[in-house]
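Working through the structure, step by step
Spelled out from the first residue to the last, the chains are:
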Amino acid sequence: MRLHRLLLTVCLLNVPAWGSDSVVIPGGDFQPPVLLDREIQTTEVEAFLLDAAPVSKTAFAEFVTTHPEWRRSAAPRLFRDGGYLRNWTSDLDPGVEQEAQGTPVTHVSWYAARAFCHSRGGHLPSMTQWEYVVSLLREKNQVPDDEYARWVFGWYGAQRPVDFVDRALGIKGMLGLVNEWIEDYQLLLSNGEQIDFGGGSCGDTARLMVKYDNAHYASFLRYQSRSNYTPVTTTSNLGFRCAYPLEGAL
Amino acid sequence: MKIKSKVFGLTATALGLAFSAQAVLAECDHHKDHHDVHLTEHHAHTPVAMVEPLSDESLHHLPAVWRDHRNEPLTLSDLSGQAVIITMVYVGCQTACPVLVEDVKRLYYGLNEAEQANTRVLVVSFDAKGDTPEVLNTFAQNLGGDLPGWHFVTGAEGDIRTFSSLLGIRYRQNPSGGFDHSNVIAVLDRQGEIRGRQEGLAQAPDRLLGALRGALN
């Protein structure tokens, strides 16, 4: 019992915090590029903390070390498809020797991503939070709309890495190498009494775009393709980062 | 049923011990044998000897602890060995939700008494904030759903989203405070795997009744 208590104490001290690797996202108004509610043109977003970079393979390896139920040999199929951590060399080894330490983890399901963030006292960003940060990045770095559209289309088309350095918030990725899980990735649109589950039909969702220019099409493509994932989906270009409430941190 | 209630009596005392051990296992154990760790974690609160390992697709893997309209805790693995009828609603919902509960009742009353005795009903609320056990209790009573083996439950927001995702139910809180959601009734077999799933309201119960009978036999 004493040993258990000791271990428990060590564990509690060992809980990783958000630490210095997250940035404060200032609150503000967000104008969604796709209107999920016809009447709502602007959403107010409260300030929150966001991981500066996507969760790395190294960080995820630490997570599965302390959470054996999420190792690829143990996690039930209920929570992940057959590709889960497929490119790892073993249960605990992501095989990143040759790669940079910060290589984002991919081949993770939505369930696994959420469990990771939860273990750090955070959560996956909501769609509003994530897309709001993209709008801030574009605004604060003065990214021309067409350039933004080119990046996004390039990524979906040829998986072209985006050569974008954020000089305003200190955010890495998001418009770069990997796409990211969010908490409410599935579209569900409402128009008064009518509810539309946006079940993969682009025509349905596209009518709710605010404007029909390149930049809006690019954002819409992200909304729609993200909505087509299932929660067990794992792919080589889908990772995640975590968000945290600002209150607990300050 | 008798055995079940005895086990529940033990649960309260075992829970405290199980919890600290569980935390250590979950956080620190670098055990090679993941499978044992896994089972221990998810079944710590039901000290029934688990002979069969959980199947890969069993919803009993879900560790969430719910609270039902009788203010009793409930975990999906508590329903092991029984068929389960599931739907998701919220109390503030005027139109679809009472119909969904009616559909579930029709399904349940389509079973004979012996089958009913081996079937549980789980109605999970979308509204973590508004639908307290007390609110759910009134709702259950008003709809004639406060029956033995029926549980109208609430839980943590994240657990509600996990649960809905496992059943392929989409929902979103709308600006007026209500929830837009898909209307789904699902049937779990005794091992916790989904045996039947139906979308839409007021459908003929035959198909799900068949799934339920298949799950029971």
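Residues numbered from 1 in each chain as written. Chains lettered and ligands numbered in written order. Predicted model: local features only at pLDDT ≥ 70, side-chain atom pairs only at ≥ 80, totals over all residues.

**A look at unusual backbone geometry**
Generally, phi is negative for residues other than glycine and the peptide bonds are trans, each holding for most cases. Residue and element names in this part refer to chain A. The phi dihedral of histidine 107 falls on the positive side, at around 60 degrees, and the residue is not glycine. Relative to the helices and strands, histidine 107 is located in the loop between helix H2 (57-66) and helix H3 (110-119). The backbone of glutamine 142 shows a phi angle near 50 degrees, a positive value even though the residue is not glycine. You can see glutamine 142 is positioned in the loop between helix H4 (127-140) and helix H5 (145-158). The class of glutamine 142 is exposed, set by 9 C-beta atoms lying within 10 Å. (Helix = DSSP H or I, 4+ residues; strand = E, 2+ residues; numbered from the N terminus. Buried ≥ 20, exposed ≤ 12 C-beta atoms within 10 Å, placed from the backbone.)

**Focus: the nonpolar core**
Ranked by internal contacts, the top residues of the largest apolar core, which has 97 residues, are A:Ala112, A:Ala113, B:Ile85, B:Val187 and B:Leu188. With 7 residues, H3(A) is the single largest residue contributor to this core. (Core = buried A, V, L, I, M, F, W, Y, C linked by C-beta atoms within 7 Å.)

**Re the confidence of the model for chain A**
On average, residues of chain A score 83 in pLDDT, and 80% of them reach the 70 mark or higher. Across residues 1-19 of chain A, confidence stays below pLDDT 50; counting only partners more than four residues off in sequence or on other chains, it has 20 contacts. (pLDDT = per-residue confidence, 0-100. Contact = placed C-beta atoms within 7 Å.)

**Details of the confidence of the model for chain B**
Residue and element names in this part refer to chain B. When the pLDDT values of chain B are averaged, the result is 81; 76% of them are 70 or greater. When the criterion is pLDDT under 50, residues 1-44 qualifies, and its contacts beyond four places in sequence or with other chains add up to 59 contacts. Predicted complex metrics record ipTM = 0.78 and pTM = 0.79.

**Re the sheet that holds strand E1 (residues 22-25) of chain A**
Residue and element names in this part refer to chain A. One open sheet accounts for 3 strands, arranged E1-E4-E9; its pairing is antiparallel. Of all the strands in the sheet, just E1 and strand E9 (243-245) have a single pairing partner and so form its edges. Averaged over all pairs of adjacent strands, the angle between strand axes in this sheet comes to 30 degrees, irrespective of strand direction. Bridging between E1 and strand E4 (residues 48-51) involves 4 bridges; their strand directions are antiparallel. Paired with isoleucine 25 across the strands is phenylalanine 48, a residue of E4. (Pairing = 2+ DSSP bridges. Axes fitted to C-alpha atoms, helices over the stretch in contact; angles between N-to-C directions.)

**Points about the sheet that holds strand E8 (residues 184-188) of chain B**
Residue and element names in this part refer to chain B. Taken together, the 7 strands give an open sheet; going across it, the order is E2-E1-E5-E4-E3-E8-E9, and neighbouring strands pair in mixed fashion. Both outer strands of the open sheet, strand E2 (73-75) and strand E9 (194-199), are each paired with one neighbouring strand and no more. Across this sheet, the average inter-strand angle for adjacent strands is 30 degrees, counted without regard to direction. Two strands pair when backbone bridges link them, and strand E4 (residues 119-125) and strand E5 (residues 150-154) are joined in this way by 4 bridges, in the parallel orientation. What sits directly across from valine 123, in E5, is phenylalanine 152. Strand contacts of helix H5 (residues 133-142): strand E1 (65-68), E4 and E5, with the helix running at about 145 degrees to E5, the strand carrying the most contacts.

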